[in-house]
Structures are given as structure tokens and as C-alpha cells.
Amino acid sequence: MSKYISIENLKFALFELLESDKLFALDHYKDLDKDSVNIMMDAIKDYADKSMYPVFKEMDQQPAVYEDGKIIVHPAIGRFMKDAGENGWIGPTFSYEDGGMQLPHVFHTAASHIMECANNNMTGYTGLTGGAANLIATYGTSTLKEMYVSNMLEGKWAGTMCLTEPQAGSSLSDIITSASPQTDGSYKIKGHKIFISGGDHEYSENFIHLVLARIEGAPLGTKGISLFAVPKNRITDNSGLEYNDVLTAGEFQKMGQKGYCTTHLVFGENDDCYGHLVGAENQGLKNMFQMMNGARIDVGMTAASVATAAFYASLQYAQERSQGRRILPGGVKNVEAQQTSIINHPDVKRMLLLQKAVTEGSIALLLQASLYHDLSHHSSEEDKEKYHLLLELLTPIAKTYPSEMGRVSISNGLQILGGYGFCTEFSLEQYYRDIRIMSLYEGTTGIQSLDLLGRKVVMKNGETMKLLTKEIIASIAAASNYDDLKPYADKLKSASKNLEQVVMHLLQFAMSGNHERYIADATIFMEMMSNVVIAWQWLKMATTAKTALVTGNTIQTSEFYESKIHTMRFFFKYELAKNNGFKETLMDPDSLTILEDKKSVLA
Amino acid sequence: MKYLVCISRTPETTAKIAFTDGNTQFDKNGVQYILNPYDEWYALVRALELKEAGGGTVTVINVGTAENDAVIRKALAIGADDAVRIDTDPKSAMNVAKQISEYVKSNPHDIILCGKETIDYNSGEVGGMIAEFLDIPFVSYGEHLDIEGSSATVKRDIEGGSQTVKVNLPAVISAAKGMAEQRIPNMRGIMMAKRKPLNIVPAVPFEDAATVIGYTLPEGKSAVKMIDPENMDELVRLLQEEAKVL
């Protein structure tokens, strides 16, 4: 079996970089320890090796299809739902009262990474089920919890999130699915929902859809949206199940993630679909965003995982494939010498280092964000607020950077294979197709960028940005203790200042009322800020590695730590340097995408 | 029925193998460790299956230092009821066998199971030595194990086929592939493992009769030789003279 993940890197990030095991000192997590989570991760790796990776290509070749009103998915999904339920992998972060294991999110994210590296077409089914169950556990009544949560955590019933409608994609304020109050407290639901991931298949006897809809007479816009739990099959008085008029109308055939079904659901076509309100009326979008924010981290990690698996596939190829000869001093080649492995060509090495820099930088950021999530719920009141704000600020980046740059890194990986990279015999083309959806799921890159610049950067009057800057400054100070890391610490300081200048420049537009101009280049701002954040993660990793080498307190091999420092240097030279161009673009007075005179420039 | 399963800690299968101190010591730098697969997947899981079917207790036993506690915990997470660690750093299979057999003398068990070998030193000696120290039967390479009353029926792998033997208990049986299917420890089991008893007992004095003089790594793989598909004679010659497989 080919290598698809580095468990060493994952454990380095968890225990050496983030010291996540310190969480076990908190009362909420006191029943866990480092051995427990290591056993869990090793068990998941064993499972992924035997039951997930072997069907990765097969699920692409036998995609989910719609036949005779049913969605047919690969049989591995049935086994996976059952095994994940029995092994406690759906909702392990839930409290004991809600049937969970109080596992910190940072370890759950790490566990997801292992599975997603092995097969990214499977994990959405359980991830959405856990997310939907979490919404019910958080906002639902005790009756609703009793009705649904345990069956979902046991993998018997699946869960989904239903937001998008044919006329309302990114613009959720325009949804029209309706909810009519009934005398028994339930609501009659009517409407179409599209792009519903994991929305139906034969291996779950029931699906609990978390549906955004408008109660009759609710205000227009996002303030009139409520959240409902709508089962495919409702529970009868004698605890049986009867059809709840949730029709599966179709399956979207996609360029990637073909094993992960994407459905079109019709609620209440026969006027017989009922659901229950989850949380308060008209608070649906706000409540759904709890799941959505978690889902954004999940999407980021799926992207980082697909890119990780692609990295190891191209690395193996580069080590095995011989082509050409190295250039000797004087610019000559010894044509009689044996061909060299392509990994020895600088341009191939550059592409591999880019893959490593993107994937490991992304993993570090995603675990950092997940750790903030844990600390935002289980630390002192003052710290809770701080970590909550940091998580809010970093979430759009943690979703977008791995999705966008992960795709770029896979493209480079595919390039390493030359023509073979384009062939289905090798897995790079599948990884390339699979990752493409990540910058669309749960809010496109454009939406994430608007969220970052339009909301998060200015949140709490800029105090949130200051919190992040403070974290970055602390990392710069730690790195500056080592002479060979100090130049990079200085570069990050300079990049951080440049970012600040850009923010101040753009804010002038917002303060003068020109909000469209303020956010017009939000996606470019996302790229610039992402580079600063990933550079911060790389500087932290290099400092951790350097400390291990200097103190001799090593868990990994010395080569492992040295490669961390080398990749940090690579990221600063090849990626962070691009921020100079981003700054120039963002501060350029020319506004080319806003046309006041309505004159078309695309003729 | 009391089952005792002997477990070892071994380097992970992809660990880079190197030696230090003039090639007399294994280099542990950067090495990740696992529960020996033959002990875990076959011996332990079969003991658990038999316990679940017919009742009894499953104890795992390890001879080693506190470094081994993580793999012992995994065995508990998979389902063992309790664990014993004999606190010493053994340098030989005989020391391991001696320690376990001394423990069994004062803590009798009906069946002692171990993997057919560890995946590091591969000597496959411990089971036989325990049986010898205890003067009880030993059946090696068991692929299938059933218990009936006070005897065990073991189907074992032999050259060219298999052999089925019946043996009176107590006995030592070494487990090979096929005896059971690997079990993944679930979250509940992992959490419960922390609360299960791990009894640490002192080792009895033991002096090794043999010492390791040194280790050597196998020679590196030579480069691939490409043979013209039309030149079958050359291929046959190389397979005979160089590869020596014909």
C-alpha cells in the first residue's frame, strides 16, 4: 500500500507544536490522556488502511447514481456508517450526557485527517451526521434529542444540512422553503433543497435533515429564517417509521468526490412533510452557523488531507522515476551516466517542497483552529472570549487556504508525474478532481473572503486582529532566540506590518462609505493574509523543531526536524514573498472591477 | 476459563532500522512502537472471542519497562480485563519466558496464548520456553483454536498442509494468521482501558546464558536491471546465477 499520510507529522503538530495534551489538565477532559488519543489515532489508521484506502479509486469508478427514485452508493458506505457508529467516531466530542466521549475537537480533527487522507469520499457521511446531531443536541428540545441523537451517533440514522435552493445559493436570504405551524407543535415543510451532500442512500434507515425554512409571516431576509429537523421517515406513535414525504428527486453528477452523493430533495410534494423547530423562531441561520463554522474547518481539513495524500503519491513517483541527468559544474551532463531520479531535479524538488509547505502548513493551522475551539469552551472566562475571537477570525482562512492552495499543490504534484499525472492509472488526477469542490463547499472562496475582510477583520473594532497580531508577535519573539531563525522572524514581522498597512488603506474606503470598494478585492486580501498566517505556523514549527534539535529532547528523527526548518525557509522564499505583489495590487488606486458608468469591459 | 495472553512491544513495521554502540544496540531514535501484531490480532482477539462465548477472564502479560505501558493500554482497550507487567528490561526470549512462567506458577491460568513470533527478532521461542519451564504442552502456529471442557483443539499450519491436534489444558498455544480477525479498539474501550488494573510485579533474578555480539543490516537492494524482452536467455541466466531463484 502506498503511503498517504504522515502520522509522525500529525503527532508532531498535536503534541510538540501545539502541546494539545495540556487540555487533559482541564476538568472537562480529565478522563483522557495522551495514550488514549494515541490508541484512538492508531486504531483509525489501521481501519483506514484496511477499509478506506483500498476503496478510494473504486468509489470514483463506481460513482453514486440515481436509479428508480433511489440513490445507489458504494457498499463501503454502509460498512463505514456501521463501524463509525460502533467505534464511537460519530460525535466523540459530544458531552457524556449527549452520548459522546468529551474528546477535544483538536483530536477529532486529527482523526478526521487520517480518514480523509485515506478516502475523502467517505467521511462526509459521518461528518454531517455528527454535525446535524450536534445542532439538535445544542438547540433542540429534550424530546427532539431523545428522538434522534442516539440513533445518529450509533450510525443507524444519517444527518444532513439543507440550505441551498435552486434560486438561493450563496444568497441564503432568498430561500423560500416554507414552514406552517401545526396544532401539535410541529411544522408542515414545503420546498426544494439542492446540493444536499449525503442526502439519501440505502444504507441508513432514516435521514434527519436540518432544514432552513421560513415560518409563514416571518420577516424577509436572513432575519426570518428558522431551523427545522425534518426526518425522511417520521416516528409513529408505536415507535415505528413512516414516510415523511421527503422525496429524492435526483443526484448531481460531479467532476470529483463521485462516491459522496449530492442530492436534490423535495420536501412536502404531497403536502405531508412535517418537521420540528430547532432553537428559537427566526434564529435558524445563526444556529445553523454553529454547524457551518465547524463544517468549514472540516472542509479545510478535507482539502488539506486530499492534498497530503497527493503529496505522498507524487513524492513516491519522484523517488522512483528516473529521467535525465543532473547538470554538472560547467553546465555539462554526463550522457553515459545512469539517469537520475527526478526528485534530484531542482524544479521537481521545488514542486514537492511546495506540496509539503502547503499541506503541513494547512494541517498546523487547522489543528490550531480546532484547539482554539476547545479553549473557547473550556478555559477561563477571559480566555474563552479570546479564543472564540481568534477562531472566528481564522475560520475563513482555515477553510480557504487549504482548498485553494491545496488544489495548486496537487496541480504541481500532477505535473511531477508528467503525462502519467493526467492518466487514471495514477491517483493524482482523482485528487485534483476531488479537491476542486472544497473551495465551493460551505461558502465559496469569494464568500469566505467577504466574511474575512467584511466582518472578521473589523470585528470588535479591530480588537480581534490585534489578538492575532499578539499571537504572531509572541511566535516571532520565540523564533528570534535562535540566530538562524531570526531572519525569518524579521520577515514575518515585516509581512505582518504590510498586512496592517493594507487593512488601514482599505478601511479608508469603508469609513468614507464606499463599502463596495472596501471589499472589491477581498479575495486578494484573503491570499495575502493567508500567507501571513501560514508563515506564522511555519515559523512556529521551525522553532519547535529547532528547540528539539538543540535540547536533544527529540521524539522524531533529526531528519524530520531539519526538514521542518528547511520547508519553513522554502515557504518564506517562495510563498510569503508573493505578498509584496498582493500589497501592490491591494493599494493600487485603480479600481478595475467596479464600473460606475455601466460600460462593459468584457465585450 | 482463565486466559493469559503474552504481549510484546515491537517497532512499527515501517520504522527505520539502525544500530548504535558498535552495532550492538538497536537505535531507538525516532522509532514508533506498536503492539506486536501476532499477539494483538490473533492471540488476544481469539482469547476475547472464547471468553465472550464461554465466559472467563482475559489477562495480558508483558515483560518490560514502563515504556511498554502504552501498548499494554491498547490491549486493555481492545478488551482484556486486566494486565500484568513484569518490571524488567529483558535481553533474551529466555528471560521473557522465565519471568512469565514464574508468574504463572503462582497465578495459574488455563490457556497461555502468544503470537507465533514478534515482528522484530522473529525468534518464536517464548511460547515453547514457557511451556518447558511450566512442564505443560505447547502447540505452535495455531490457525484455529477451540476449547471444549478441559482440552483445546488446535489446527496448525505445517509444511504443505495443516494438522489438527487436541491438547489437555493447561497449555501454551502460539497464534498465527487466521486464528482471529483484527479488532479496532472503540472509543468506549479506549476510555475504559485507563481504569482497568495494570499490576506491576517485580522480576525474578535471571542471568542470560547468551549475549548478543552484534547486529548487521541486510545488504541494500541492487539497481533494477532492464532486460530486453527478446533476450529470454539472459533473463534466465540472471535468475539462475545472480538472483539464484531458479
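Because the structure is predicted, anything quoted here is derived from the model rather than measured.

Conventions used here
Residues numbered from 1 in each chain as written. Chains lettered and ligands numbered in written order. Predicted model: local features only at pLDDT ≥ 70, side-chain atom pairs only at ≥ 80, totals over all residues. Heavy atoms only, no water. Helix = DSSP H or I, 4+ residues; strand = E, 2+ residues; numbered from the N terminus. Contact = heavy atoms within 4.5 Å. Areas by Shrake-Rupley, 256 points an atom, 1.4 Å probe, with all protein chains shown as cover. Lys, Arg positive; Asp, Glu negative; His and termini not counted. Charge placed at Lys NZ, Arg CZ, Asp CG, Glu CD. Buried < 20%, exposed > 50% of the residue type's maximum accessible area, 1.4 Å probe, protein only. Disulfide = S-S within 2.5 Å. Pairing = 2+ DSSP bridges. Axes fitted to C-alpha atoms, helices over the stretch in contact; angles between N-to-C directions. Salt bridge = Lys/Arg side-chain N within 4 Å of Asp/Glu carboxyl O. Polar contact = N/O pair within 3.5 Å; in protein donor to acceptor, adjacent residues only side chain to side chain. Buried area = accessible area lost by both parts, 1.4 Å probe. Left-handed = near helix turned anticlockwise from the far one by under 90°. Nonpolar A, V, L, I, M, F, W, Y, C, P; charged D, E, K, R; others polar. Parallel < 35°, antiparallel > 145°, perpendicular 65-115°, else oblique. Expected span 1.5 Å × (residues − 1). Arc of directions from axis to C-beta. pLDDT = per-residue confidence, 0-100.

Observations regarding the overall build of chain B
Helix and strand counts for chain B come out as six helices and 13 strands. If you line up chain B on its principal axes, its C-alpha atoms span 65 × 45 × 40 Å. Here the contacts in chain B between residues at least 6 apart in sequence split such that 69% fall between residues at least 24 apart. Counting every atom, chain B has about 13200 Å² of accessible surface; 50% of that belongs to carbon and sulfur. Separation between the mean location of the 26 positive side-chain charges and that of the 35 negative ones in chain B comes to 7 Å.

Regarding the environment of Leu238(B)
All names here are of chain B. Assignment of secondary structure puts Leu238 in helix H6 (residues 232-241). A relative accessible area of 11% means that Leu238 is categorised as buried. Sequence separation between Leu238 and Pro137 is 101 residues, and the spatial gap between their C-alpha atoms is 47 Å. In this structure, Leu238 is in contact with Lys225, Ile227, Ala243 and Lys244, ignoring residues within four places of it in sequence.

Topic: the state of the cysteines
All names here are of chain A. This structure, assessed with the given rule, holds zero disulfides over all chains. Left unpaired, Cys261 is separated from the closest cysteine sulfur, that of Cys162, by 12 Å. Taking the relative accessible area as the measure of exposure, Cys261 reaches 0% and is therefore buried.

Observations regarding the sheet that holds strand E8 (residues 111-115) of chain B
Residues and elements named next belong to chain B. On the basis of which strands lie adjacent, the open sheet formed by nine strands has the order E11-E10-E9-E12-E8-E1-E6-E7-E13 and mixed pairing. If you trace the sheet from one side to the other, it starts and ends with strand E11 (161-168) and strand E13 (198-202), each paired once. Going across the sheet, the axis of each strand differs from the next one's by a mean of 30°, ignoring polarity. Across six bridges, the pairing between strand E6 (residues 57-64) and strand E7 (residues 82-87) is parallel. Residue pairing in the sheet places Val63 in a bridge with Ile86 of E7.

Quick look at the pattern of salt bridges
Residue and element names in this part refer to chain A. A complete count under the given rule lists 45 salt bridges over all chains for this structure. Note that Lys564 and Glu360 form a salt bridge whose closest N and O atoms lie 2.7 Å from each other. Of this pair, Lys564 sits in helix H17 (residues 558-575) while Glu360 sits in helix H9 (residues 346-377); the two residues are 204 residues apart in sequence, bridging distant segments of the chain. Accessibility expressed as a relative area gives 0% for Lys564, which makes it buried. For the salt bridge of Asp490 with Lys486, the shortest nitrogen-to-oxygen distance reads 3.3 Å. With Asp490 and Lys486 both in helix H14 (residues 486-511) and four residues apart, this pair spans about one turn of that helix. You can call Asp490 partly exposed: its relative accessible area is 33%. Three or more residues joined by partner-sharing salt bridges are found here, namely Glu392, Asp451, Arg455 and Lys456.

Examining the side chain of Ser305(A)
All names here are of chain A. With respect to the helices and strands, Ser305 occurs in helix H8 (residues 284-320). Side-chain polar atoms of Ser305 contact the side chain of His113, separated by 2.8 Å. Within polar-contact distance, the side chain of Ser305 engages the backbone oxygen of Met301 at 2.6 Å. Setting aside residues no more than four positions away along its own chain, Ser305 makes contact with His113, Glu116 and Cys117.

Focus on the interface of chain B and chain A
Taken together, the 19 residues of chain B in the interface contact 27 residues of chain A. Between chain B and chain A lies a buried interface of about 2100 Å² when both sides are counted; carbon and sulfur atoms form 57% of it. Broken down residue by residue, the surface that chain B buries against chain A is led by Ile184(B), Met187(B) and Met191(B), which jointly contribute 31%. The interface formed by chain B and chain A contains three salt bridges.

Focus: the packing of helix H13 (residues 463-479) of chain A against helix H16 (residues 522-551) of chain A
Packed helices, taken two at a time, are described by their axes: the angle between them and the distance between them. Residues and elements named next belong to chain A. Running from amino to carboxyl end, H13 crosses H16 at an angle of 35°, the nearest separation of the two axes being 9 Å. Between H13 and H16 the crossing geometry is left-handed. On H16, the residues touching Met465, Leu468, Glu471, Ile472, Ser475, Ile476, Ala478 and Ala479 of H13 are Met529, Val532, Val533, Trp536, Leu539, Lys540 and Thr543. Split by residue class, the contact of H13 with H16 holds 11 nonpolar, two polar and two charged.

As for the pairing of strand E7 (residues 226-231) of chain A
Residue and element names in this part refer to chain A. Across the six residues that make up E7, a large majority, six, are buried. Neither face of E7 is exposed, since Ser226, Phe228 and Val230 on one face and Leu227, Ala229 and Pro231 on the opposite face are all buried. Relative to E7, strand E6 (residues 206-215) runs antiparallel, the two sharing six bridges. Looking at the pairing, Leu210 lines up with Ala229 of E7. Pairing of E7 with strand E12 (residues 274-277), which is carried by two bridges, proceeds in the antiparallel orientation. Its bridge partner lying in E12, Ala229 is registered against His276.

Regarding the pairing of E6(A)
All names here are of chain A. A large share of E6 lies buried, amounting to 10 of its 10 residues. Sheet topology note: the strand E4 (residues 178-181)/E6 ladder contains two bridges and is parallel. Bridged to Ser178 within E6 is Arg214.

Concerning the packing of helix H2 (residues 34-52) of chain A against helix H5 (residues 105-118) of chain A
All names here are of chain A. The contact between H2 and H5 brings their axes to 9 Å, and the two run at 15°. In this view, H2 runs roughly parallel relative to H5, as classed from their interaxial angle. With respect to the hand of their crossing, H2 and H5 are arranged in right-handed fashion. Taking contact as the criterion, the partners of Val37, Met40, Met41, Ile44, Lys45, Ala48 and Met52 in H2 are, on H5, Phe107, Ala110, Ala111, Ile114, Met115 and Ala118. In terms of residue class, the contact of H2 with H5 is built from 12 nonpolar, no polar and one charged.

Digging into H13(A)
Residue and element names in this part refer to chain A. If you check H13, its first and last C-alpha atoms are 25 Å apart, about what 17 residues at 1.5 Å a residue would give, namely 24 Å. Within H13, burial applies to Thr464, Met465, Leu468, Ile472, Ser475, Ile476 and Ala479. Projected onto a plane normal to the axis of H13, the buried residues spread over an arc of 120° and lie on a single side. Summarising the geometry of H13, the exposed residues directed more than 90 degrees from the buried face are Lys466, Lys470 and Ile473. Where the residues of H13 are buried, they touch helix H10 (381-416), helix H12 (445-456), H14 and H16.

Things to note about the confidence of the model for chain B
Per-residue confidence for chain B gives a mean pLDDT of 93; residues scoring 70 or more make up 100%. Confidence metrics for the complex model read pTM 0.92 and ipTM 0.83.

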